[in-house]
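Notes for the structure review
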Amino acid sequence: MILVTGATGGLGSATIDFLLEKTAPANIAALVRNPEKAADLRAKGIEIRVGDYNDPASLVAAFTGVDKLYFVSGSDVATRAAQHHNVVEAAREAGVGHIVYTSFDRKTEDGSSPIAFVADSHLKTEQWVRESGISYTILQHGLYTDFLPMFLGEKVLETGVVYQPSGNGKAAFTLRSDMAKAGAEVLTAEGHAGKTYKIVADEAVSYADVAAILSEITGKSIQHVSPTADEYVQTLTGAGVPADFAGFFAAFALGIAAGEFENTQSDLAQLIGQKPTSVRDFLGKVYA
Ligand SMILES: NC(=O)c1ccc[n+]([C@@H]2O[C@H](COP(=O)([O-])OP(=O)(O)OC[C@H]3O[C@@H](n4cnc5c(N)ncnc54)[C@H](OP(=O)(O)O)[C@@H]3O)[C@@H](O)[C@H]2O)c1
């Protein structure tokens, strides 16, 4: 039995869809914290198990009989480390055979990076997984290409400005469904135990590149403007964006500026058997 956590989210649900191309629904279970969100999964013949990363007993019960656990990192950055500790401990207690953990690709591990507050729980979790005594695979994911429209803002074509405090930094933006496809491959094939894979695109782009691609696609003149982080946060909060969101967005742009996401040494193409989806292809579909 393969159990996918975060199954009601974007990554977990896409991973289940790719798993269904490789194995029968009877071999797949989904961890959900709200069974009312699981109607789609149930309709696909997936067994639903209810559990919450904050509730260790629920996790032990849900993980019982699981050979392979696809462990999707939690979405609450502030409480995630404790949640992930619960997941790894529960996997050990329930006798899970193999953990595939969806981590985060990064350049810096000494806490000095602008996105250290995001990386911290991933670094801890990787260590807990490696020391758990359970067979494992770690998938170090890049930044979602899928989030580019959110970072660009809904008025980008109107204003002609890509406003990001990212300087000349580049990021190997990676499509979430490519990550899901890689996850399904690792969960269903042999030879991945003890491996750590870089799940990033094979090309890094700057926001100036993104602006140039958008210009080409739309025929409009679009430029990248890189303000200071303070100016950026002030502009966003002035436009009604809550301060913590503005700070979060700024941190990712500063991470890009610092080269935290520029790595293109990738295992993705080999795992999915095709070239990772490019930013150009993605933007072409969204903005054409
Ligand atoms: N690489 C990137 O650029 C990037 C960007 C954003 C996030 N991430 C990370 O990647 C993960 C997966 O991304 P995604 O797009 O699938 O996110 P998502 O759509 O927000 O899905 C997150 C999933 O985690 C579940 N979850 C959250 N807290 C939980 C808890 N306490 N117990 C059990 N399940 C819990 C959610 O359940 P509900 O449906 O009940 O909420 C949901 O199914 C995120 O959680 C985050 O850690 C990466």
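Residues numbered from 1 in each chain as written. Predicted model: local features only at pLDDT ≥ 70, side-chain atom pairs only at ≥ 80, totals over all residues.

**Let's talk about the site of the ligand**
Among the 24 residues in the neighbourhood of the ligand, the closest are listed as G6, T8, G9, L11 and S73. In terms of residue count, helix α1 (residues 10–20) provides more of the shell around the ligand than any other element does, three residues in total. Residues that form the shell around the ligand fall into these classes: seven nonpolar, 12 polar and five charged. Residues lining the shell around the ligand come from more than one domain, with at least three contributed by each of domain 1 (2–141) and domain 2 (142–173 + 201–263 + 275–288). (Near = placed C-beta within 6 Å. Helix = DSSP H or I, 4+ residues; strand = E, 2+ residues; numbered from the N terminus. Nonpolar A, V, L, I, M, F, W, Y, C, P; charged D, E, K, R; others polar. Domains from an automatic or database assignment.)

**Re the environment of A57**
Locating A57 in the fold gives a position in helix α3 (residues 56–63). For the pair formed by A57 and S103, sequence separation is 46 residues and the distance between their alpha carbons is 24 Å.

**A look at the sheet that holds strand β3 (residues 47–50)**
Read across the sheet, seven strands follow the order β3-β2-β1-β4-β5-β6-β9 without closing on themselves; strand pairing throughout is parallel. One side of each edge strand has no neighbouring strand; the edge strands of this open sheet are β3 and β9 (195–199). Recorded for the sheet is a direction-independent mean angle of 20° between the axes of neighbouring strands. Of the strand pairs in this sheet, strand β2 (residues 28–32) and β3 are connected by four bridges, and their pairing is parallel. (Pairing = 2+ DSSP bridges. Axes fitted to C-alpha atoms, helices over the stretch in contact; angles between N-to-C directions.)

**What to know about the environment of S121**
Structurally, S121 can be placed in helix α5 (residues 116–131). It is 17 Å that separates the C-alpha atoms of S121 and Y70, two residues lying 51 residues apart in sequence. In this structure S121 touches V77, R80, A81 and H84, once residues within four positions along its chain are discounted. (Contact = placed C-beta atoms within 7 Å.)

**Here we look at the domain arrangement of the protein chain**
With domains assigned, the protein chain is organised as domain 1 (2–141) and domain 2 (142–173 + 201–263 + 275–288). Here domain 1 and domain 2 have C-alpha centroids that lie 28 Å from each other. In this assembly, eight residues from domain 1 lie in contact with 10 residues from domain 2. Within the side of domain 1 that touches domain 2, the residues separate by chemical class into two nonpolar, three polar and three charged.

**So, the pairing of strand β4 (residues 68–72)**
Within a regular beta strand, the side chains point alternately toward one face of the sheet and then the other, so they alternate between its two faces. The buried fraction of β4 is high, at five of five residues. Alternating positions in β4 separate into two faces, K68, Y70 and V72 on one and L69 and F71 on the other, with burial throughout. The pairing of strand β1 (residues 2–4) with β4 spans three bridges and is parallel. Bridge pairing in β4 places I2 opposite K68. One ladder, built from five bridges, connects β4 with strand β5 (residues 98–104); its direction is parallel. (Buried ≥ 20, exposed ≤ 12 C-beta atoms within 10 Å, placed from the backbone.)

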